[in-house]
Amino acid sequence: MYATGLKCVKCGAEYSTNEKSAVCPRCNGLFEIRYDYGSMHDEFGKSDLATTKARGLWRYAKALPVRPESIVTLGEGFTPLVETRKLVRGVKLLAKLDYIMPTSSFKDRGSTVAVSKAKELEVNAVAIDSTGNAAASLSAYAAKAEIPCYVFVPSSTEPEKVVQMSASGAKVIKVKGTRQDTHDVIEEAYRKYGWYYCGFMVSPYAIEGTKTIAYEICEQLDWKPPDWVVFPVGTGSGIVGCAKGLQELRKLGWIDRIPRLVCIQAEGCAPISNAYKRGGEDIIPVKAPHTVAEGLAVGAPPKGSLVLEALRKTGGLAEVVTDDETIECAKVLAAKEGLYAEISAVPSIAGVVKLVKTDIIERGDTVVCELTGTGLKSSREYSQMVQEPSEIEPNLESLIHVLRG
């Protein structure tokens, strides 16, 4: 282990990696995991990956802040990188299929690290608030670790996700109100009951899990980074984690440059992208998010300033897409590419289409888009896009009649 401790990004206070508070006890600031990069550089090289038996994200265990004996894994990570050609021309567009995970979303990256740390700290229970995927993911990993799990979700959460988390044995509480209302309730609850809070909006260990996206992309491209890496952004944990992973790879000397990062948000909830477009630092919360991309409806993302910092450091940018643009891309992805992605994942692709049309992403560029969840979690939205299947009598004549229209 090369992790040396936690540091508050707001006040600079430092703590050991045994700290159980979700945020800085002094100022409520976010934590960042600190590492001894000098020793990591000298002792951890790309050649180590050729000999490791681990095939998922834990092949990078030496760069993660968990003791080996505490690892809780379901085989997550090292997801496919697939080229798509039907949406844009002249650009090499690669989809990172992070919905091919144990719970069918990229949240498994954060959950495996967060629950592993919870096991290491011997906590009494874990808790999370979420619009669905993070809660479903944490529930599964808590079940594997045999740790009680408390989940708080907005009442509007898609039923497929609620069933998934309930099936894992979590205690699920539906909150009447917005995503922010849900967070306010759980904040009171975990402080009162002493639960270990794993919310992806603040957890430093979620970031450590999602930083492996960067490791995987670069390894899959033979350590030749793409020009752009594009994320659909709600809480910001994915893009912030990727930024940290890219910075680490540069420090280790494994890559010679860092790709430009892109934050794509839905028009009905774009506090980070709007701040970027204004050229300011202040992120104005969206009080009543409204978008078909339910997983991105985070009106007051605590990691918003970190997303803006990641964009600045990499020369990246932020963009906004409409629900119509998202739905159109979802149709093409499924019908022309065979990629059945969650509606909340598709804005990354829709954003690339928009940036190519405006010549911001140029011909010849290589672009990686993160697809964060499976379309099986967006059944309601997809059911409105497709025609009802034809029903026939059990004979050939009935089939011929349907095929003739």
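This one's a predicted model, so the numbers in the text were calculated from it and none came from an experiment.

Caption draft 1: Region of interest: the pattern of salt bridges. Applying the stated criterion to the full structure yields 21 salt bridges. Among the ionic pairs, Lys 211 bridges to Glu 208, the shortest N-O distance being 2.7 Å. Residue Glu 208 is classed as buried on the basis of its relative accessible area of 1%. Here Glu 281 makes a salt bridge to Arg 312, at a shortest N to O gap of 3.1 Å. Of this pair, Glu 281 sits in the loop between helix H10 (271-278) and helix H11 (304-314) while Arg 312 sits in helix H11; the two residues are 31 residues apart in sequence, bridging distant segments of the chain. By relative accessible area, Glu 281 is classed as partly exposed at 48%. What you see here is one network of salt bridges that share partners, running through Lys 96, Asp 98, Arg 109 and Glu 216.

Caption draft 2: Seen up close, a nonpolar patch on the surface. A cluster of nonpolar side chains, namely Ile 392, Leu 396, Leu 399, Ile 400 and Leu 403, defines an oily patch on the protein surface of about 450 Å² accessible area. Along the chain, the position of Leu 396 falls in helix H15 (residues 396-403). A relative accessible area of 55% places Leu 396 in the exposed class.

Caption draft 3: The pairing of strand S12 (residues 317-321), seen in detail. Counting buried positions along S12 gives five out of five residues, so the element sits mostly inside the fold. Judged by which residues are buried, S12 turns out to be covered on both faces: Leu 317, Glu 319 and Val 321 on one side and Ala 318 and Val 320 on the other are all buried. Relative to S12, strand S11 (residues 260-266) is paired through five bridges, and the arrangement is parallel. Paired with Ala 266 across the two strands is Val 321, which belongs to S12.

Caption draft 4: How the structure looks around the packing of aromatic side chains. For the structure shown, the criterion picks out eleven aromatic pairs. Ring centres 4.1 Å apart and planes at 10 degrees place the aromatic pair Tyr 150 and Trp 195 in the stacked group. Here Trp 195 lies in the loop between helix H6 (179-193) and strand S9 (196-197) and Tyr 150 lies in strand S7 (residues 149-154), a separation of 45 residues in the sequence. Each ring, one from Phe 152 and one from Trp 195, has its centre 6.3 Å from the other, and the planes form 50 degrees; the classification is tilted. Of this pair, Phe 152 sits in strand S7 while Trp 195 is found in the loop between H6 and S9, placing the two residues 43 residues apart along the sequence. For the residue pair Phe 152 and Trp 195, the accessibility class agrees, reading buried in each case. Members of the aromatic cluster, joined through ring pairs, are Phe 44, Tyr 60, Tyr 215, Trp 223 and Trp 254. Sitting above the plane of the Phe 78 ring, Arg 59 keeps its charged end 5.2 Å from the centroid. Over the face of the ring belonging to Tyr 193 we find Lys 192, whose NZ or CZ atom lies 5.7 Å from the ring centre.

Quick notes on the rules
Residues numbered from 1 in each chain as written. Predicted model: local features only at pLDDT ≥ 70, side-chain atom pairs only at ≥ 80, totals over all residues. Heavy atoms only, no water. Salt bridge = Lys/Arg side-chain N within 4 Å of Asp/Glu carboxyl O. Buried < 20%, exposed > 50% of the residue type's maximum accessible area, 1.4 Å probe, protein only. Helix = DSSP H or I, 4+ residues; strand = E, 2+ residues; numbered from the N terminus. Patch = residues over 30% accessible without salt bridge, like charges linked within 9 Å, V, L, I, M, F, W, Y side chains within 5 Å. Areas by Shrake-Rupley, 256 points an atom, 1.4 Å probe, with all protein chains shown as cover. Pairing = 2+ DSSP bridges. Phe/Tyr/Trp six-rings, centres within 6.5 Å; stacked < 30°, edge-to-face > 60°. Lys NZ or Arg CZ within 6 Å of the ring centre and 35° of its normal.

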